[in-house]
Amino acid sequence: MILSCGDALIDFVPVTATDGREAVRPVVGGSCLNVAVGLARLGAPTGFVGGISNDLFGRMIAEHALASNVDLRYATRSERQTTLAFVRMVAGESQYAFYDAQTASREWTYRHGAIEFASVDAVHVGSTTLVNESGAAQTAAMIAEARQSATISFDPNCRPNLVRDKSIYLDRMGAFADSADIIRMSDVDFDYLYGNEVYPARAEALLARGCSLFVMTRGMEGVQAWHPTAGFIEVEAPTVTIVDTIGAGDSFHAALLFALHKQNRLGRAELQDIGADELRRALAFACHCAALTCTRVGADPPRSDEVVWR
């Protein structure tokens, strides 16, 4: 099984009403829930770890996850409200206003010993859960148990408008990166975390500290990846008509983990031995899934009958 741990929320995405005015549509989202849904839709055994409310929106989230065959046995249900995010598209990028005080997702706590990690191939973490001290501490506690046997996947998915102290946040993201075997981030995330540093220099530093795969997604400019033995791999992005980019990175990440799983390269030792052709194949598949997600509204990753894994 692959577990995705973190945020589950409702995105209010921009749409045009029948009278031509701006409106919003509620869509289930949250980066880590999107990754779980993306994996499960492709056919990987997947579970979600995190807080889900019992309110109206929480029920929408649970129904959405279960409809995609996401296992919710490790999710924590509570009476706290659901996190809400209002989305606007600015210069082709999604910008968010979050309502996240004392929500089910934010106040999630890890139940020590509740997960049998010996039966888990990989654990994915990241996004808004790691912004606040409590969520980051709970996630770190889970990773400490998980990484004894499971591969750790990390996507910072930065949301600067939630960050109150950038120096603390940067140190925190550095610590999670140091605990991860797979790190993926967008070019926007990279700029926020590392400023004017060049990708290869940061990749070299991360690989030297134990990361096995560092992936940079750059929108329509495609993907670059670094691996200790497979070397540098670059893959072009497919050309599609973009509706919005919400969930595209999550869809990419889910498809990448799925492809590694299908190649029996998701385990830590197996990932370290992956060949360049295998890695390129996995990255190309992930690009295709992300591109398909961009052709529809909201975080709506593809299902196995929409894409072909070869």
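A brief structural summary. (Residues numbered from 1 in each chain as written. Predicted model: local features only at pLDDT ≥ 70, side-chain atom pairs only at ≥ 80, totals over all residues. Heavy atoms only, no water.)

Re the overall build of the chain
Helix and strand counts for the chain come out as 9 helices and 14 strands. By the compact-globule yardstick of 19 Å for 310 residues, the chain fits well, its C-alpha radius of gyration being 18 Å. Expressed as lengths along the three principal axes of its C-alpha atoms, the size of the chain is roughly 55 × 45 × 40 Å. Relative to its 310 residues, the chain shows a buried fraction of 55%. Sequence separation of 24 or more characterises 69% of the internal contacts of the chain that already satisfy a separation of 6 or more. Per element, the accessible surface of the chain, about 13200 Å² overall, is 49% carbon and sulfur. Of the charged side chains in the chain, 27 are positive and 37 negative, and the gap between their average positions amounts to 3 Å. (Helix = DSSP H or I, 4+ residues; strand = E, 2+ residues; numbered from the N terminus. Rg over C-alpha atoms; globule rule 2.2 N^0.38 Å. Buried < 20%, exposed > 50% of the residue type's maximum accessible area, 1.4 Å probe, protein only. Contact = heavy atoms within 4.5 Å. Areas by Shrake-Rupley, 256 points an atom, 1.4 Å probe, with all protein chains shown as cover. Lys, Arg positive; Asp, Glu negative; His and termini not counted. Charge placed at Lys NZ, Arg CZ, Asp CG, Glu CD.)

With respect to the packing of helix H1 (residues 31-42) against helix H7 (residues 248-262)
Two elements in contact, H1 and H7, have axes separated by 8 Å at closest approach and are oriented at 45°. Here H1 lies oblique to H7, going by the angle between them. The interaxial crossing formed by H1 with H7 has right-handed handedness. Contacts between H1 and H7 involve Ser31, Asn34, Val35, Gly38, Leu39 and Leu42 on the former and, on the latter, Asp250, His253, Ala254, Ala255, Leu257 and Phe258. (Axes fitted to C-alpha atoms, helices over the stretch in contact; angles between N-to-C directions. Parallel < 35°, antiparallel > 145°, perpendicular 65-115°, else oblique. Left-handed = near helix turned anticlockwise from the far one by under 90°.)

Some words on the nonpolar core
The biggest cluster of nonpolar side chains holds 50 residues, and the ones touching the most others in it are Phe117, Val123, Phe154, Ile183 and Phe214. Look past the residues within four positions of Phe117 in its chain and what remains in contact with it is Leu3, Tyr110, Val123, Met142, Glu145, Ala146 and Ser149. If you look at the next biggest cluster of nonpolar residues, it comprises 34 residues, including Val35, Ala44, Ala225 and Leu260. (Core = buried A, V, L, I, M, F, W, Y, C linked by side-chain atoms within 4.5 Å.)

Considering the pairing of strand S12 (residues 213-217)
Most of S12 sits out of view: 5 of its 5 residues are buried. One ladder, built from 5 bridges, connects strand S11 (residues 182-186) with S12; its direction is parallel. When the sheet's bridge partners are listed, Met185 is paired in S12 with Met216. Here 4 bridges tie S12 to strand S13 (residues 223-227), and the two strands are oriented antiparallel to one another. Looking at S13, one finds that Phe214 is bridged to Trp226. The hairpin formed by S12 and S13 contains 5 residues between the paired strands, and Gly219 there has a positive phi angle of roughly 60°. (Pairing = 2+ DSSP bridges.)

Quick word on the environment of Arg310
Within the secondary structure, Arg310 sits in the segment after helix H9 (276-293). We classify Arg310 as exposed; its relative accessible area is 69%. Separated by 91 residues in sequence, Arg310 and Gly219 have C-alpha atoms that sit 24 Å apart.

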